[in-house]
Amino acid sequence: RLAEQMAPALLLIFVVAPLIELAVIVSVAGTIGVADTIGLLIIVSLLGVWLARREGLGVLRRIQTAVDRGQAPSTEVVDGGLILVAGVLMILPGFVGDVIALLLLLPPTRALIRIPVLGWISTRGRTMATRRLRFDAAATRARGDGQVDVWDVESWEDPPEPPRRGELRDPR
């Protein structure tokens, strides 16, 4: 079932998108020349890398601030994921991917994309939790006693002893 859902997306990513990128690159090269097209691709990629780094560091600071306040950094994590996607698109050659990446790197457009992504994640999370609960309930019924096994495990490790005066430390 998952393979049936993923097949159109994989076809789009690995067949259609490269063909579109190639057509746009050839069209631009026919208009402004091959050398100028290559130069433009390099300049746009360098600009994207700089912008992705700048925005990524900003998101890391916002994640740290949210964690320091004791909040879950959900929007910041989604922003980080979108910036990661933008970074990958900037590395790949092509103008269409670069335009999409630049849109993902701009905070206003990223905010517009973040809303449906958060909705999809929350829906997907509820689906996963529901599947997990059904699995746990089925496992409980399969035992027949209605009880759930709980394993309470503690782990500890003794700290290493400091070296005594005059002894060498362990080389490990």
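Anything mentioned here points back to the structure above.
In this report, we go over the structure that sits alongside the text. (Residues numbered from 1 in each chain as written. Predicted model: local features only at pLDDT ≥ 70, side-chain atom pairs only at ≥ 80, totals over all residues. Heavy atoms only, no water.)

Topic: the overall build of the protein chain
Looking only at helices and strands, one finds five helices and zero strands in the protein chain. Listing each helix as α and each strand as β along the protein chain from the N terminus yields α-α-α-α-α. By residue count, 20% of the 172 residues in the protein chain fall in the buried class. Taking as baseline every contact in the protein chain between residues at least 6 positions apart, the subset at least 24 positions apart corresponds to 52%. Accessible area of the protein chain: about 13,700 Å², with a carbon and sulfur share of 67%. (Helix = DSSP H or I, 4+ residues; strand = E, 2+ residues; numbered from the N terminus. Buried < 20%, exposed > 50% of the residue type's maximum accessible area, 1.4 Å probe, protein only. Contact = heavy atoms within 4.5 Å. Areas by Shrake-Rupley, 256 points an atom, 1.4 Å probe, with all protein chains shown as cover.)

Details of the nonpolar core
Val44, Leu51, Ala52, Val59, Val78, Leu82, Ile83, Ala86, Met90, Ala101, Leu104 and Leu105 together form the largest nonpolar core, which totals 12 residues. Those elements that provide at least two residues to this core are α2 (34–68), α3 (74–91) and α4 (95–105). Not counting residues up to four positions away in its chain, the partners in contact with Leu51 are Leu102 and Leu105. (Core = buried A, V, L, I, M, F, W, Y, C linked by side-chain atoms within 4.5 Å.)

A few points about the pattern of salt bridges
Throughout the structure, instances matching the rule amount to five salt bridges. In this structure, the salt-bridge partner of Glu55 is Arg54, at a minimum N-O distance of 3.3 Å. Salt bridges sharing partners connect three or more residues here, namely Arg54, Glu55, Arg62, Asp79, Arg110 and Arg114. (Salt bridge = Lys/Arg side-chain N within 4 Å of Asp/Glu carboxyl O.)

Re the environment of Ala101
With respect to the helices and strands, Ala101 occurs in helix α4. Taking the relative accessible area as the measure of exposure, Ala101 reaches 0% and is therefore buried. Residues Ala101 and Ala52, spaced 49 residues apart in sequence, show a C-alpha to C-alpha distance of 8.9 Å. Discounting chain neighbours no more than four positions away, the residues touching Ala101 are Ala86, Leu89 and Met90.

Quick notes on the packing of α2 against α4
Running from N to C, α2 and α4 cross one another at 25°; their axes reach a closest spacing of 10 Å. Relative to α4, the element α2 is oriented roughly parallel. In the packing of α2 onto α4, the handedness of the crossing is left-handed. Two secondary-structure elements touch here, α2 through Thr37, Leu40, Leu41, Val44, Ser45, Gly48, Leu51, Ala52 and Glu55 and α4 through Phe95, Asp98, Leu102 and Leu105. Tallied by class, the residues present in the contact of α2 with α4 amount to eight nonpolar, three polar and two charged. (Axes fitted to C-alpha atoms, helices over the stretch in contact; angles between N-to-C directions. Parallel < 35°, antiparallel > 145°, perpendicular 65-115°, else oblique. Left-handed = near helix turned anticlockwise from the far one by under 90°. Nonpolar A, V, L, I, M, F, W, Y, C, P; charged D, E, K, R; others polar.)

What to know about the side chain of Arg110
Considering the arrangement of structural elements, one finds Arg110 in helix α5 (residues 107–143). Residue contacts for Arg110: discarding those within four places in its chain leaves Glu55, Asp79, Leu82, Ile83, Leu103, Leu104 and Leu105.

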